[in-house]
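Listed below, chain by chain, are the residues.
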Amino acid sequence: MIEVLIFATLNGLVTGLLLFMLASGLTLIFSMMGVLNFAHASFYMLGAYFAYSISLYLGFWGGLLFAPLIVGVLGALIERYGLRKVHDSGHVAELVFTFGLAFLIEEAVQFFWGPDTKNYQTPDLLDFPLFTLFGQEFSAYRGFMITISVGIFVALYYVLTRSRIGIIIQAAITHPNTVANLGHNVPLIFMLVFGVGTALAGVAGVIAGPVLTTFPGMALVLGSIVFVIVVIGGLGSLAGAFIASLLIGLLQSYAIASDVGMADLLNLLGLEFARDHPLDDLWTLTLPQIAPLLPYLLLVLVLIFRPSGLMGKREQ
Amino acid sequence: MKMPLGKLPESLRYILAALALLMAGQSQAQEPIRIAFIDPLSGTFASVGTSGLTQLQFAADYLYNDKGGILGGRMIEIVPFDNKQSPTETQIQFRRAISEDIRIVFQGNSSAVANTLHDAVTRHNRRNPGQEILQINYSAVDPILTNEECSFWHFRFDSHAIMKLEVLTDFIAANEEIKSLYVIGQDYSFGHVVSETTEQMMAQKRPDLEIVGNEFHPIGQVKDFTPYVTKIVSSGADAVLTGNFGADMVSLARSIIDSGLEIPIYTFYAAYDGITATLGEDGKDQIHLVHNETANPIPTEERRAFNLAFKAEHPDRDVTQPRIVNALSMLVKAMEESQSTEPAAIASALEDMRFTTLTGDQAWMRADDHQLFQSLHISVHTDEGIEFDADNSGFGLRTIHTVAPEDNLIETSCRMRRPR
């Protein structure tokens, strides 16, 4: 039992931190520009695919270095020449723009790389078990994922709260006009934030690609869950996104590890239903069976009881 | 409006008239036989769909069109329809196919889609006698379509889930080293069939073998299978059995391999379309598949010639589903025998048909339920003794166990209702 608990925690951490890398960029972009970027997970997919192609020539580490850069530059260009033009037409236009972009990127990926799963592998350097506990291995690569994610969180937090550029960004979130009057180039800052946000998604793609498999549906699988995190954490809150990411990662992991279901609940209540009961499917439901859907349940609960999210500041 | 034909020189008028005659004659003699292919060509499951389409198109050209067509010179034209593997979209695409006057429909991916299509076909055929549609199911293996829900207009060219599980569980039961089994699958009709049937069969064949886990997960929703693998490890299972396909299959297998768990994994779909390359060296001798039509060692020269010709035209693809070729060949044989392209005549000719596939298999279409019977194989993922690899990876499937069709005749509950 204790082994399951330990590994469930570790697995939850890996998933949670990976989700955070995506959510951090998304929430940053939202808090600054007021745009929910529907194409965010698509940049994550682009990161994985670019890294795969680069890794064929320069190995995994080349991909880790260059793929996020390419994705970031691409993101910045899309902001500069696409999103900024649409910005004048209001938020709905921006929303629709990113929505369309997500489809466009998915089709482009299928066009250039084809619909098959790509053979994108973890580097040989990290191809060993970090430790073995109760006969279960924890791979070094997963440890590496945790390290990178935590490193990015710390760096991001430091830059946003301690550095000069971070202070300007924070000011631009709440008082863009004042910041512009002080002589700062606010559109440039927007572009930069969008570029960094998408680059972070790119990093997530690079390191997740080898373990979660690189295929054209990978953006779709992760896309919706990232929005759930941003909403649960509170739109625009970095700390909220961090907590929500870990919460959801652990929640899913524990739910899968658990072995309880409706049957146990009924036993507890002293009830029993026949096997051919019309609602048999409901009575035999188990927690692991619905684990991947729990985040959405949590989303609904949060929206009902705390619409601003866990750490959200806006209370309109 | 008066045609300006009269102003043309005499000679040109004759040429034009001759041309018009020629074209009219041609279109009559060579009107193609059009076949709809309704499967996912975009979206998450596009990989399998496009690969199937390529194989069907190649088979039509290589076996028939390049040799002058069938039924006295008519070409086979495959018309693709993209259903994105969604039941709703399937109905729309089915309507489109009907409006284009197509009477034969190929479909294979996802039993949920096949069942929907089957309902649509049945409804259409009931309402439009004389305009029936023929459903050629080359891959959807939920047994229901050749049992409770069987129909005269539906033919299945793949062994259904229970037939495959019979072979797979026999194979597992014969291995005395396997004392416990973990079953994991996608939470939909096919996944449930696999889970329930495995439990039943194992209880009969090896009462001492313990099913230590029987798990469902939402289809296409799981990002990371590691938490599931943690459970598999702690359950102490000696083997894993799964009906997963596509991304769910790769992710599951990779997670098992990455966790260092070296137990056999018994699957239906863990090969080709990028899966074999992704599993690579790590999955060697660990991944097992149950399937029709041996890939390695190649049994006949015909099969070898077909594969080589396919590879020459599509170097990045493989012949992943020979059953598509069988379905087309048997369809053509039925057309030739009945000298007709009418679904009713084709269906009657297909019933009880015996056919030798390119691989040398003796296939039989049972009239009772329209289920095809041919030998089934268990193959292993390896790079040894592989002539035709998958994904150009050097790895492929090598058959290690074969069951003859007569040893796998599963009974059916179908009560076929034939049109008068």
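## Re the overall build of chain B
The secondary structure content of chain B amounts to 12 helices and 15 strands. For a compact globule of 420 residues, the expected C-alpha radius of gyration is about 22 Å, and chain B comes in at 24 Å, within 12% of that figure. The buried share among the 420 residues of chain B stands at 52%. Pairs at least 24 residues apart make up 71% of the contacts formed inside chain B by residues separated by at least 6 positions.

## Things to note about the domain arrangement of chain B
It is common to give the size of an interface as the accessible area lost on bringing the parts into contact. Residues and elements named next belong to chain B. Per the domain assignment, the segments making up chain B are domain 1 (33-159 + 300-374) and domain 2 (162-297 + 376-406). Spacing between the C-alpha centres of domain 1 and domain 2 amounts to 27 Å. Taken residue by residue, the interface counts 24 residues in domain 1 and 20 residues in domain 2. Of all the secondary-structure elements, those providing two or more residues to the side of domain 1 that touches domain 2 are α2 (46-64), α4 (111-127), α11 (322-338) and β12 (362-366). Class assignment of the residues belonging to the side of domain 1 that touches domain 2 gives a composition of eight nonpolar, 11 polar and five charged.

## Describing the environment of Gly185 of chain B
All names here are of chain B. As for its placement among the helices and strands, Gly185 is situated in strand β6 (residues 180-186). For the pair Gly185 and Phe106, spaced 79 residues apart in sequence, the C-alpha to C-alpha distance is 26 Å. Filtering out sequence-adjacent residues up to four positions away, Gly185 remains in contact with Gly191, Val194, Ser195, Phe216, Thr242, Gly243 and Asn244.

## Structural notes on the confidence of the model for chain B
All names here are of chain B. In the predicted model, chain B carries a mean pLDDT of 89, and the fraction of residues at 70 or more is 93%. Counting interchain partners and residues more than four positions distant, the pLDDT-below-50 stretch residues 1-6 has one contact. With pTM at 0.81, the complex prediction returns an ipTM value of 0.74.

## Remarks on unusual backbone geometry
The phi angle of most residues is negative, glycine excepted, and most peptide bonds adopt the trans form. Residues and elements named next belong to chain B. Along the chain, Asn296 connects to Pro297 via a cis peptide bond; the corresponding omega equals -10 degrees. The residue Pro297 is located in the loop between β10 (287-292) and α10 (301-313) in this model. The backbone phi angle of Lys84 is positive, close to 50 degrees, even though this residue is not glycine. Tracing the sequence through the fold places Lys84 in the loop between β2 (76-82) and α3 (87-99). A positive phi angle, near 70 degrees, is found at Tyr272, a position not held by glycine. One can find Tyr272 in the loop between β9 (265-267) and α9 (275-279). Judged by local crowding, Tyr272 falls into the buried class, with 24 C-beta atoms found within 10 Å.

## Let's talk about the sheet that holds strand β14 (residues 376-382) of chain B
All names here are of chain B. Pairing within the open sheet is mixed, and its seven strands lie in the order β7-β6-β8-β9-β10-β14-β15. At either end of the open sheet lies a strand with only one pairing partner, and these are β7 (210-217) and β15 (396-403). Shown here is a sheet whose adjacent strand axes are inclined to one another by a mean of 25 degrees, direction ignored. Strand direction decides the pairing type here: β6 and strand β8 (residues 239-242), joined by four bridges, are parallel. Paired with Tyr182 across the bridge in β8 is Val240. Together, β6, β8, β9 and β10 form the strand contacts of helix α8 (residues 246-258), whose direction differs from that of β9 by roughly 170 degrees.

## Observations regarding the interface of chain A and chain B
Between chain A and chain B, the residue contacts involve 33 residues of the former and 35 residues of the latter. The element contributing the most residues to the side of chain A that touches chain B is helix α1 (residues 2-33) of chain A, with six residues. A class-by-class count of the residues in the side of chain A that touches chain B yields 17 nonpolar, 12 polar and four charged.

## Regarding the nonpolar core
Counting residues in hydrophobic clusters, the biggest one holds 201 residues, and the most contacted among them are Leu22 and Ile229 of chain A. By residue number, the principal contributor to this core is α1 of chain A, which donates 19 residues. Composition of this core by domain shows at least three residues from each of domain 1 (33-159 + 300-374) and domain 2 (162-297 + 376-406) of chain B.

## Structural notes on the pairing of β14 of chain B
Remark: a regular strand shows side chains that alternate across the two faces of the sheet. All names here are of chain B. Burial within β14 is extensive, with six of its seven residues counted as buried. Note that β10 and β14 share five bridges and pair antiparallel. Note on β14: the bridge partner recorded for His288 is Val380.

## A short note on the pairing of β12 of chain B
Residues and elements named next belong to chain B. A one-sided burial pattern is seen for β12, the buried positions being Ala363 and Met365 and the unburied ones Gln362, Trp364 and Arg366. Pairing of strand β11 (residues 354-356) with β12 involves three bridges; the strand directions are antiparallel. The partner of Thr356 across the bridge, within β12, is Gln362. Relative to strand β13 (residues 371-373), β12 runs antiparallel, the two sharing three bridges. Each bridged residue has a counterpart across the sheet, and for Met365 the counterpart in β13 is Leu372. Hairpin connection from β12 to β13: four residues lie between these consecutive antiparallel strands, with His370 at a positive phi of about 65 degrees.

## A word on helix α7 (residues 226-235) of chain B
Residue and element names in this part refer to chain B. Within α7, eight of the 10 residues are buried, which leaves the element mostly enclosed by the surrounding structure. Within α7, the full set of buried residues consists of Thr226, Pro227, Tyr228, Val229, Thr230, Lys231, Ile232 and Val233. Once α7 finishes, Gly236 follows within two positions and takes phi at roughly 70 degrees, a positive value.

## Remarks on the packing of α1 of chain A against helix α8 (residues 218-233) of chain A
Residue and element names in this part refer to chain A. The geometry of α1 relative to α8 is characterised by a closest axis approach of 9 Å and an angle of 60 degrees between their N-to-C directions. At the point where α1 passes α8, the crossing takes the right-handed sense. For the pair α1 and α8, the contacting residues are Leu19, Leu22, Ala23, Leu26, Thr27 and Phe30 in the first and Leu222, Ile225, Val226, Ile229, Val230 and Gly233 in the second. Each residue belonging to the contact of α1 with α8 can be placed in one class, and the counts come to 10 nonpolar, two polar and no charged.

## Description of the environment of Pro115 of chain A
Its place among the elements puts Pro115 of chain A in the loop between α3 (91-113) and β1 (129-133). According to the C-beta neighbour criterion, Pro115 of chain A is buried, with 24 such atoms within 10 Å. For the pair Pro115 of chain A and Gly202 of chain A, spaced 87 residues apart in sequence, the C-alpha separation works out to 20 Å. With sequence-adjacent residues up to four places away left out, Pro115 of chain A is seen in contact with Gln110 and Pro216 of chain A together with Ala46, Ser47 and Thr50 of chain B.

## Topic: helix α5 (residues 161-174) of chain B
An α-helix turns once per 3.6 residues; consequently, residues spaced three or four apart project the same way. All names here are of chain B. Counted at 1.5 Å a residue, the expected span for α5 with its 14 residues is 20 Å, and the 20 Å between its end C-alpha atoms agrees. With 10 of its 14 residues buried, α5 lies for the most part within the structure. Taken residue by residue, α5 has Ala161, Ile162, Met163, Lys164, Leu165, Glu166, Val167, Leu168, Thr169 and Ile172 as its buried positions.

Rules behind the numbers
- Residues numbered from 1 in each chain as written.
- Chains lettered and ligands numbered in written order.
- Predicted model: local features only at pLDDT ≥ 70, side-chain atom pairs only at ≥ 80, totals over all residues.
- Helix = DSSP H or I, 4+ residues; strand = E, 2+ residues; numbered from the N terminus.
- Rg over C-alpha atoms; globule rule 2.2 N^0.38 Å.
- Buried ≥ 20, exposed ≤ 12 C-beta atoms within 10 Å, placed from the backbone.
- Contact = placed C-beta atoms within 7 Å.
- Domains from an automatic or database assignment.
- Nonpolar A, V, L, I, M, F, W, Y, C, P; charged D, E, K, R; others polar.
- pLDDT = per-residue confidence, 0-100.
- Pairing = 2+ DSSP bridges.
- Axes fitted to C-alpha atoms, helices over the stretch in contact; angles between N-to-C directions.
- Core = buried A, V, L, I, M, F, W, Y, C linked by C-beta atoms within 7 Å.
- Left-handed = near helix turned anticlockwise from the far one by under 90°.
- Expected span 1.5 Å × (residues − 1).

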